Every structure is written in structure tokens, then in C-alpha cells.
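A look at the structure
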Amino acid sequence: MAISAQNSDSIVSKSSLFIIPHPAYQQETSWSGGIAGGYYFKSKDLSKISSISGSADYTLLNQFILNITPKIYLADKKWYLYANLNFREYPDFYYGIGNQHSIMQQSFTANIFSLSFQPQYALTKNIYLGLILAGRTETVRIDSTYKSMSDRIYSKFGDAGWKPYRELKVGFLGSFDSRDNQFYPQKGIFAKLTLGTANAIWGSSYNTTDFSFDFRQFIPIANIHILAWQGYFSGIFSKNNIPFQLLPTLGGRDLLRGFRQGMYRDNAMFLFQAEYRMPIYKRLKAALFLSTGDVMDSKNLSIDKLKVAYGAGLRYRLNDARVHLRVDIAKNNYGEKLQFYITATEAF
């Protein structure tokens, strides 16, 4: 269902609530079904809209995913509070570590609970500084096939991640955001820098330091035609082995569509992607996209074969806040079959 509230002329985005069936598809999950929804607060500023969104999905691969994300502006936009709660019962495959194609495919089931909280203060209209407080626990269930593979996995990639672990992380972030809207920007720049650390002193199973930088630009061309591009880097570092689940990975519905998420992972990752977005009719839009990137070992910055993907998709606007339903088809340069994605919100 969808509900909208009428407001004065000064309100550019009406308050809205939508709860919809949430059929979705991507290679990592196959078909999934569930519900998705969100409440979007009324706002006089289309660039800063408070919202609480979430979804609960069950997939044909017996994966259950619960995700809740509040994004709240307070005190006349001087404070921005971002939080995320995620729970997963997630059968998956382990393909090893590195950027080369591997025939290894070890099944496992991850039980993950994570909570992240990022309070941020506005130094200016567009510049925010904040803290990162995050926690994660994970246990892995394995089947009978793991026994014959465990020695090979441990000797080549280490055993980090196969036993239960917890991560308690603190850090800092800085961001610049001049986008006219956070859900479907038509102009502006978004840049975000994060630095976090997890340490056994405050209860983490591993000592790690992670860093990320995300830069996006949205260039209006004509008649709501938009050229959007993103550059992204992520890395995690430690003197010891790092749980493989925490290593950056590309692929999936947002980062290098066309590749399976989790097939390539290492302690450093970079990507570049561009998207041309165009109107079709009323709420319906289309997009063409091109992406490239890879994962690397930070101690050996070599790439076996740069990963490239491309594709096209459709968008349908759901509300005044510019939240869109997204359908994408993507192909990669590794000769793999077309990948198909149905989800909500943009890739970037």
C-alpha cells in the first residue's frame, strides 16, 4: 500500500509511506520475495529528506535478510543520524581470496548480525563530520564437503572467518554533499571519507584498520538527462589474517553489476562506474551503465585481468522523494551469462 499526506505549497516533498511486495533477483540470491517499505518525512528541502526504510526477504536459496535503515535530520539539519540494522541467515559460496578466477566453490551458511550508527554534525550546509560506531557478530555453518577442503583453504588463505568472530569498530568520517536529492540526484557532488579501527582491547576478535573513499558526481545535461559517475576505493589492513567476510568484494547489484558478489575479494578494492540516465514517460526512466574495477592484495598491487561490466535498465519513481524501483541487466568481460537485478534505489 502507499499513503501520501497533503502539505502546504512550501513543502517540496510530501510525507509518504509505502509498503509493497518486494520481488527481487540477482545471481547471489536467485529470486526472492518479501516486503519492502519506507516512511519519508515531509520536507521543504528535497536534498535532505529524513526517512526510515527497511525490507525483509526470503530467497529461493533459503537466505533470509532483514534490513532497517533510519536516516534522520535533526535541529534544522545541523545533525544527521544514520543507522543500519542487518540480520542474515545466508547460505553462500567461498571462492578463495584474490582477483583471479577460481574453480573453488565451498558452500557455507553465514549467520550475521550487524549494527552501525553514524552521528554527523554539519559544519556548513554541505560539509559533515561524524563518528562511526559499529558492531558485528558472525558464525559460519559448514557441511560435510568442508572437511576435504579445509586443509587446502587454510594453507592457501588462512582460517580467519571460519570460526565465530565479532567486530567492534570505532572511527571517523567526513562528507561533502551538494546533491539536490539523495535518492535520485539530478545534479551535485557527494564525497565521503571513512576511517575505522577494530581492536581486541574493546572486544573485537581481530585488530584491523579500514579506510574508504567514495566520490560521486551528477551532471545535468538537458531535460532531466543525467550523466552520473562514481569512483570508489575500500581497504582493510591488519598484521594478521582478516576474516574473509570483511574483505572488500565487488559485484552484486551496486558495485560492478554483472559480476557475482563474493567471487573476487581481497584487502583492497577500487572501481569506477558511469551511468547515463534519461526520462522515458512520466515516472518511467532508463539508464545505460559501464563499470570497471578489481580487488588487489595491498602488498602485491597486481591485476590478473581488469574486470569490466556494462548494461542497461529501467527505473520507476515511487514517490515525491524520488525513490525508484530499479531493473538492470548486465554483462561482464569474463564471458559469463547476463546478470539480472530487481531492487529499489539506485546503485549510486
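Throughout what follows, the structure given in this document is the object of discussion. (Residues numbered from 1 in each chain as written. Predicted model: local features only at pLDDT ≥ 70, side-chain atom pairs only at ≥ 80, totals over all residues. Heavy atoms only, no water.)

1. What about the pairing of strand β4 (residues 30-40)?
By the bridge criterion, six bridges tie strand β2 (residues 16-21) to β4 in an arrangement that is antiparallel. In the sheet register, S16 faces β4, and the bridge partner there is Y40. For strand β3 (residues 24-26) and β4, the ladder comprises three bridges, and the chain directions are antiparallel. Among the inter-strand pairings, Q26 is bridged to a residue of β4, identified as S30. The sheet contact formed by β4 and strand β5 (residues 51-59) spans nine bridges and is antiparallel. Residue pairing for β5: A36 is matched across the bridge by S55. (Pairing = 2+ DSSP bridges. Helix = DSSP H or I, 4+ residues; strand = E, 2+ residues; numbered from the N terminus.)

2. Examining helix α1 (residues 146-157)
When the terminal C-alpha atoms of α1 are compared, their 14 Å separation across twelve residues is substantially less than the 16 Å that a helix rising 1.5 Å per residue should span. For α1, the complete set of buried residues consists of Y146, M149, S150, I153 and F157. Buried positions in α1, seen along its axis, are confined to an arc of 120° and lie on one side of it. Away from its buried face by more than 90 degrees, α1 exposes S148, D151 and S155. Phi turns positive, to about 85°, at G158, one or two residues after α1. (Expected span 1.5 Å × (residues − 1). Buried < 20%, exposed > 50% of the residue type's maximum accessible area, 1.4 Å probe, protein only. Arc of directions from axis to C-beta.)

3. Brief notes about the pattern of salt bridges
Summed over all chains, the structure comprises 17 salt bridges. Taking the shortest distance from any N to any O, the salt bridge between D254 and R253 comes out at 4.0 Å. Owing to a relative accessible area of 38%, R253 belongs among the partly exposed residues under this scheme. For R315, the salt bridge identified is with E346, shortest N-O distance 2.9 Å. Highlighted residues: R315 in strand β16 (residues 307-317) and E346 in the segment after β18 (339-344), separated in sequence by 31 residues. Exposure class is identical for R315 and E346. Each is buried. Here the salt bridges do not stand alone but share partners, grouping R253, D254, R257, E275, R277, R315, R326, D328 and E346 into one network. (Salt bridge = Lys/Arg side-chain N within 4 Å of Asp/Glu carboxyl O.)

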